[in-house]
Amino acid sequence: MTDQSAPALKEIFNAERLQHIASEMTAVYPAFDAKGFLKHAKAGLADLSVMQRMARVSESLNAVIPLDYPQTLKLLYALAPRLNSAFVSLILPHYVASYGGDDFKRSMAALKYFTTFGSAEFAVRHFLLKDFKRTLAVMQQWSLDDNEHVRRLASEGSRPRLPWSFRLAEVQADPNLCASILDNLKADSSLYVRKSVANHLNDITKDHPDWVLGLIEGWSLDNPHTAWIARHALRSLIKQGNTRALTIMGAGARAEVKIHQLKVEPAAIKLGERINLSFSLESTADSSQKLVVDYAIDYVKSAGHSASKVFKLKAFTLGAGEHHAISRGQPIRELTTRKHYPGKHAVHVLVNGERLGSVEFELEK
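The text that follows walks through the structure, step by step, so that each part is easy to find. (Residues numbered from 1 in each chain as written. Predicted model: local features only at pLDDT ≥ 70, side-chain atom pairs only at ≥ 80, totals over all residues. Heavy atoms only, no water.)

**Re helix α2 (residues 34-42)**
For the record, the criterion: Exposed residues in this analysis have more than 50% of their type's maximum accessible area, buried residues have under 20%, and partly exposed residues fall in between, with area computed by a 1.4 Å probe over protein chains only. Helical segments are the DSSP runs of H or I of at least four residues, strand segments are the runs of E of at least two, and each set is numbered from the N terminus. Directions are taken from the helix axis to each C-beta atom, and the arc is the one they span. Two residues form a contact once any of their heavy atoms are found within 4.5 Å.
The complete set of buried residues in α2 reads Phe37, Leu38 and Ala41. Considered in projection along α2, the buried side chains sweep an arc of 95° and stay on one side of the axis. Opposite the buried face of α2, at more than 90 degrees from it, the exposed residues are Lys35 and Lys39. Buried residues belonging to α2 abut α1 (15-28) and α3 (50-64). Following α2 by one or two positions, Gly44 adopts a phi angle in the positive range, close to 65°.

What follows is the structure in structure tokens.
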């Protein structure tokens, strides 16, 4: 079987991209030492992760630009719209976080500008660590900005458990610190922003589920934007079958349904192949009911025991006496977060938090 896997994410910062950065930097700053930059940036590049490569580029710019911080920022402002990748633009806020810690107002303005080209979510957290109260006050103002990128930065940068970054212990301990930001954005018109708010709240459910449930119970879900945030914010609690979360979504009652034709095909697969789960639900209720349908796979672990992982399927309203067919394909392949082992894997269908049926497939060696 040929390897169809995508190039490693770190290859965003490959030799060609480094040359692009050097060329564009030279265009805005003719005295730029492109040769020195490339030598510094390429040293040991193959052994660096994507985030290490991003940091290396920022460090390499600093190593060869013989100007002070305000002067260098002016050059980076000019460079930002010339970069050919939003992810690559992360080098700019990284520079701010690395070298602008003692120039707060200028650095905050720079992060606000640079985030419009990619994101400054990682960089702003360093300022929260250094001066939490002052930085959070700026971010609260950002949450009211006209630009969706800036509003998102207010929510994403203050997430307690932002992936690829360190946790914000203060926010993790007290979610009220960011409550005003979340309140300002709870009905945001931008899906980009709403995803961040939902993820921020989902982070909080890991430490303070009742806080999130209480907050959302106080919201009006008549606004479709707010309802969208609530649904996605509660996804982890819904997967756990949390009654309050299901009730907020209108699915707190026990589902009055029967499950039919539950099967997973093929019955045996090898790593890298996929299964297809299918079944139908029949309403036994006298009136319409809201259903939240998920499924769980009990993955075999190295010691022979299993660990369950819940996946979302769909939420919908099922009328009295109606049938609804559902199917979902699922690849079984190695991930950085999950290693697979051969053996029988159980698949369970969950409706409003209750397990209604199970089926198995075999993962062969």
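**Topic: the side chain of Ser190**
This is how the line gets drawn: N or O atoms within 3.5 Å of each other form a polar contact, as long as, within protein, one can give a hydrogen and the other can take it, and as long as residues adjacent in sequence are counted only when both atoms are side-chain atoms.
Inspection of the secondary structure puts Ser190 in the loop between α11 (179-185) and α12 (191-205). For Ser190, the side chain forms a polar contact with the main-chain nitrogen of Tyr192, separated by 3.2 Å. The contact partners of Ser190, leaving out residues within four places of it in the chain, are Glu148 and Arg151.

**So, the sheet that holds strand β1 (residues 257-265)**
Picture the strands of a sheet paired through backbone hydrogen bonds; they go either parallel or antiparallel. This is how it is decided: Being paired, for any two strands, means DSSP has found at least two bridges between them. As a rule, the C-alpha atoms of each element are fitted with a line to give its axis, helices using only the stretch in contact, and angles between N-to-C directions run from 0 to 180 degrees.
Across the sheet, which stays open at both edges, the 3 strands sit in the order β1-β3-β6 with antiparallel pairing between neighbours. Of all strands in the sheet, those bounded by a partner on one side alone are β1 and β6 (323-331). Going across the sheet, the axis of each strand differs from the next one's by a mean of 15°, ignoring polarity. Where strand β3 (residues 274-283) lies against β6, 9 bridges are found, and the strand directions are antiparallel. Considered in β6, the bridge of Arg274 is made with Pro331.

**Structural notes on the packing of helix α6 (residues 104-114) against helix α7 (residues 121-130)**
Operational definition: Roughly parallel refers to an angle under 35 degrees, roughly antiparallel to one over 145, roughly perpendicular to one between 65 and 115, and oblique to any angle outside these ranges. A clockwise turn of the near helix away from the far one marks a right-handed crossing, whereas an anticlockwise turn of less than a right angle marks a left-handed crossing. Classes in brief: Ala, Val, Leu, Ile, Met, Phe, Trp, Tyr, Cys and Pro nonpolar; Asp, Glu, Lys and Arg charged; the others, Gly included, polar.
Axis separation between α6 and α7 bottoms out at 10 Å; the angle between their running directions is 155°. Relative to α7, the element α6 is oriented roughly antiparallel. Here α6 runs over α7; the crossing is left-handed. The segment α6 lies against α7, with Phe104, Ser107, Met108 and Leu111 engaging Ala123, Val124 and Phe127. Here the contact of α6 with α7 is composed, by residue class, of 6 nonpolar, 1 polar and no charged.

**Let's talk about the packing of aromatic side chains**
For clarity, the threshold we go by: Think of it this way: a Phe, Tyr or Trp ring, Trp meaning its six-membered ring, pairs with another when their centres are within 6.5 Å, and the plane angle makes it stacked under 30 degrees, edge-to-face over 60, tilted otherwise.
Enumeration over the complete set of coordinates arrives at 10 aromatic pairs. Aromatic side chains Tyr69 and Tyr95 sit 6.3 Å apart centroid to centroid with 5° between the ring planes, which places their arrangement in the stacked category. Taken together, the residues span a long stretch of sequence, with Tyr69 in helix α4 (residues 69-79) and Tyr95 in helix α5 (residues 91-99) at a distance of 26 residues. In this structure Tyr69 comes out as buried when scored by relative accessible area, which is 11%. Of the residues examined, Tyr95 reaches a relative accessible area of 3% and is grouped as buried. Ring geometry for Tyr95 versus Tyr99: centroids 4.7 Å apart, planes at 50°, classification tilted.

**Quick word on the sheet that holds strand β4 (residues 289-300)**
Taken together, the 5 strands give an open sheet; going across it, the order is β2-β8-β7-β4-β5, and neighbouring strands pair in mixed fashion. Looking along the sheet, the strands with just one partner apiece sit at the ends: β2 (268-270) and β5 (306-318). Pairwise comparison of adjacent strand axes, ignoring direction, gives a mean angle of 30° for this sheet.

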